[in-house]
Amino acid sequence: MQSFLRWVGLVILETFRLNILLTGGLGYVGSHVAVVLTEAGHQVTILDNLSNCKHAVLDRLTKILGKEPTFIKGDVRETSLVESILKTHSIDSVVHFAGLKSVGESVLDPMLYYNNNLIGAISVLKAMQLCRVKKFVFSSSATVYGSPQYLPIDEMHPLNPESPYGKTKLQIELILRDLVASDSGWKVVALRYFNPVGAHDSGLIGEEPNGTPNNLMPYISQVAIGALKRLKIFGSDYETLDGTGIRDYIHVMDLAEGHQAALEYLSEPSEPLSIINLGTGYGCSVLDLLKLYEIASSRRIPFEVTERRPGDIASCYANADKAFKRMGWKSKRSLKNMCEDSWKWQMSQALKK
Ligand code: NAD
Ligand code: UD1
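Residues numbered from 1 in each chain as written. Chains lettered and ligands numbered in written order. Predicted model: local features only at pLDDT ≥ 70, side-chain atom pairs only at ≥ 80, totals over all residues. Heavy atoms only, no water.

Along the backbone of the protein there are 12 helices and 14 strands. Taking 2.2 N^0.38 as the reference for a compact globule, 353 residues should give roughly 20 Å; the C-alpha atoms of the protein span a radius of gyration of 20 Å, in line with that estimate. Over its C-alpha atoms, taken along the principal directions, the protein stretches across nearly 60 × 45 × 35 Å. Across the protein, the fraction of contacts at a sequence separation of at least 24, relative to all contacts at a separation of at least 6, is 79%. (Helix = DSSP H or I, 4+ residues; strand = E, 2+ residues; numbered from the N terminus. Rg over C-alpha atoms; globule rule 2.2 N^0.38 Å. Contact = heavy atoms within 4.5 Å.)

Here it is, written out as structure tokens:
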């Protein structure tokens, strides 16, 4: 009887097990998604050119998962390589993270971004078309909305990305729209992330910015550990409760679970292309995040208020209802969890040095 039940269990697991290609899967978001999907019983294959991550992430994933994920070093713009991976690993779904993501860098070198992000996405979609693999989850960004015209931002909000980076995200969304209109076999979700922060609670994987961080949470964490002197708060005269900027910070593990929900939703989607915000729906100010981080790290975090950063807006947070309605997903982790897990990751990084 027991062996029969085990056999039934294995058959059920096999039926629901997906073979998923994660492009850019050794990066910050992709590595957390690799953990969530593997732990949910899916088979992941990672393709990454290591342009913005370390090979060591693979060893850390192996430590967390107890087995090494399949990894191929290569560039998504090499269509024949993507094609051969899709065939060799019997891939049925692709999550496309691979891309460059620095807003400032994209302003200085737009061609780098159009080349890597746009040509990369087209190459992956072309390989999928050739292999008849038609389930696709795309890492988009809330940056496609530009300056908010109302809050919270839902998916119907007008689109007006200001940087070349944001424009690549919108252009890929438009390509996806045309693609699903041309062929009813495609099932696509574009996830518009708000501000992913935090790390896996093992402290083994997290965000590793190159050089001085541009984003708030990694900057705060480096001040807390003593690697940077003090946080510069970019403006305290915004029309917000305490005058500092408000954002929708989302724990990277919640975000990762949002990808699992998207892939499972793709087995029976209610529309060929779903565009979905991944945020908490809650806005937090710079000063509030700073205070929460001080508590999580038990350290005082020095700061000074400076000029506004050009291009910054006062407030930005999501209406995250659609994610729940369509995929049954909503964020679970608190700002306290985000700060604690970021701090654990920062401490483990410091110990390695
Ligand atoms: P990341 O830089 O940590 O990860 C991206 C990975 O893609 C890296 O490991 C990099 O080596 C790889 N890569 C880049 N170009 C490649 C190419 N041509 N071929 C193969 N691999 C390539 O970034 P992330 O924070 O994990 O972001 C993942 C995706 O989510 C990106 O597309 C990004 O634009 C998007 N996104 C991120 C954020 C964020 O705040 N982290 C917010 C919104 C959207
Ligand atoms: C930025 C990107 C956005 C990207 C997101 C990823 C820009 C214009 N936008 O968004 O495309 O998706 O990161 O998380 O770069 N702040 C400080 N001091 C600092 C850093 C930030 O006060 O040293 C403030 C900012 O003014 C802002 C808030 O902290 O009010 C959040 O900033 P940041 O983490 O850079 O995120 P965004 O600007 O929202």
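As a further point, take the site of ligand 1. Surveying the vicinity of ligand 1 reveals 27 residues, the closest of which are Asp48, Asn52, Phe97, Lys101 and Tyr165. Side-chain polar atom of Lys101 to an oxygen atom of ligand 1: 2.7 Å apart, as the coordinates give it. Here Tyr165 contributes a side-chain N or O atom positioned 2.7 Å from an oxygen atom of ligand 1. Of the residues that constitute the shell around ligand 1, the class distribution is 11 nonpolar, 11 polar and 5 charged. (Near = heavy atom within 4 Å. Polar contact = N/O pair within 3.5 Å; in protein donor to acceptor, adjacent residues only side chain to side chain. Nonpolar A, V, L, I, M, F, W, Y, C, P; charged D, E, K, R; others polar.)

Turning our eyes to something else, we now look at the sheet that holds strand E14 (residues 315–316). Strand order in the open sheet formed by 3 strands is E12-E9-E14, with mixed pairing between adjacent strands. At either end of the open sheet lies a strand with only one pairing partner, and these are strand E12 (284–285) and E14. Across 2 bridges, the pairing between strand E9 (residues 246–247) and E12 is antiparallel. The residue bridging Ile246 from the neighbouring strand is Ser285, located in E12. (Pairing = 2+ DSSP bridges.)

By size, the foremost hydrophobic cluster in this structure holds 42 residues, and its most contacted members are Leu22, Leu26, Leu61, Leu191, Leu278 and Met327. Among the elements that line this core, the one with the most residues is helix H9 (residues 252–265), at 8 residues. Excluding anything up to four places from it in sequence, Leu278 contacts Leu191, Arg192, Tyr193, Phe194, Ile250, Leu255, Gly258, His259, Ala323, Met327 and Trp329. If you look at the next biggest cluster of nonpolar residues, it comprises 30 residues, including Ile85, Ala98, Leu125 and Leu273. (Core = buried A, V, L, I, M, F, W, Y, C linked by side-chain atoms within 4.5 Å. Buried < 20%, exposed > 50% of the residue type's maximum accessible area, 1.4 Å probe, protein only.)

Another aspect to go through is the packing of helix H2 (residues 28–39) against helix H3 (residues 56–65). One can describe the packing of H2 onto H3 by two numbers: an axis separation of 11 Å at closest approach and a directional angle of 30 degrees. With respect to H3, the element H2 is oriented roughly parallel. For the pair H2 and H3, the crossing hand works out as right-handed. Seen from H2, the contacting residues are Ser31, Ala34, Val35, Thr38 and Glu39; seen from H3, they are Val57, Leu61, Ile64 and Leu65. Among the residues making up the contact of H2 with H3, the classes are represented as 6 nonpolar, 2 polar and 1 charged. (Axes fitted to C-alpha atoms, helices over the stretch in contact; angles between N-to-C directions. Parallel < 35°, antiparallel > 145°, perpendicular 65-115°, else oblique. Left-handed = near helix turned anticlockwise from the far one by under 90°.)

Next up on the list: the sheet that holds strand E4 (residues 93–96). Here 7 strands make up an open sheet; going across it, the order is E3-E2-E1-E4-E5-E6-E11 and the pairing parallel. At either margin of the open sheet sits one strand with a lone partner, and together these are strand E3 (70–73) and strand E11 (273–278). Pairwise comparison of adjacent strand axes, ignoring direction, gives a mean angle of 20 degrees for this sheet. Alignment of strand E1 (residues 19–23) against E4, held across 4 bridges, turns out to be parallel. By the bridge assignment for E4, Thr23 is matched with His96. Packing of helix H7 (residues 164–182) onto the sheet brings it into contact with strand E5 (135–141), strand E6 (187–193) and E11, and relative to E5 it is tilted by some 150 degrees.

Surveying the vicinity of ligand 2 reveals 18 residues, the closest of which are Leu216, Lys232, Arg247, Arg309 and Asp312. A distance of 3.0 Å is found between an oxygen atom of ligand 2 and a side-chain nitrogen or oxygen belonging to Asn195. Interatomic distance of 2.8 Å between a backbone N/O atom of Lys232 and a nitrogen atom of ligand 2. In isolation ligand 2 offers 740 Å² of accessible surface; the protein chains occlude 83% of this area. Among the secondary structure elements, those contributing two or more residues to the shell around ligand 2 are helix H8 (216–225) and strand E8 (231–234). The biggest single contributor to the shell around ligand 2 is E8, with 4 residues. Partitioned by chemical class, the residues of the shell around ligand 2 number 8 nonpolar, 6 polar and 4 charged. (Areas by Shrake-Rupley, 256 points an atom, 1.4 Å probe, with all protein chains shown as cover.)

The next thing to look at is unusual backbone geometry. With the exception of glycine, most residues fall at negative phi, and the peptide bonds are largely trans. In the segment running from Leu151 into Pro152, the intervening peptide bond is cis, with an omega of -10 degrees. Structurally, the position occupied by Pro152 is in the loop between E5 and H7. Unusually for a residue other than glycine, Ser90 sits at a positive phi of about 45 degrees. Checked against the element boundaries, Ser90 lands in the loop between helix H4 (79–88) and E4.

Another aspect to go through is helix H12 (residues 335–352). With 18 residues, H12 should cover 26 Å at 1.5 Å per step; its first-to-last C-alpha distance of 26 Å lies within 8% of that length. Residues of H12 that are buried include every one of Leu335, Met338, Cys339, Asp341, Ser342, Trp343, Trp345, Gln346, Ser348 and Gln349, and no others. If you follow the buried residues of H12, they end up packed against H3, strand E7 (195–197), H8, strand E10 (249–251), E12 and helix H10 (286–297). (Expected span 1.5 Å × (residues − 1).)

With that settled, the discussion passes to the pattern of salt bridges. Under the counting rule described, the total for this entry stands at 16 salt bridges. Where Glu257 meets Lys332, a salt bridge forms, and the shortest distance between an N and an O atom there is 3.2 Å. Here the residue Glu257 occupies a position in helix H9, and Lys332 occupies one in the loop between helix H11 (321–327) and H12, the gap between them amounting to 75 residues. For Asp288, the salt bridge identified is with Lys291, shortest N-O distance 3.6 Å. Here Asp288 and its partner Lys291 are both found in helix H10, 3 residues apart, which amounts to about one turn of the helix. (Salt bridge = Lys/Arg side-chain N within 4 Å of Asp/Glu carboxyl O.)

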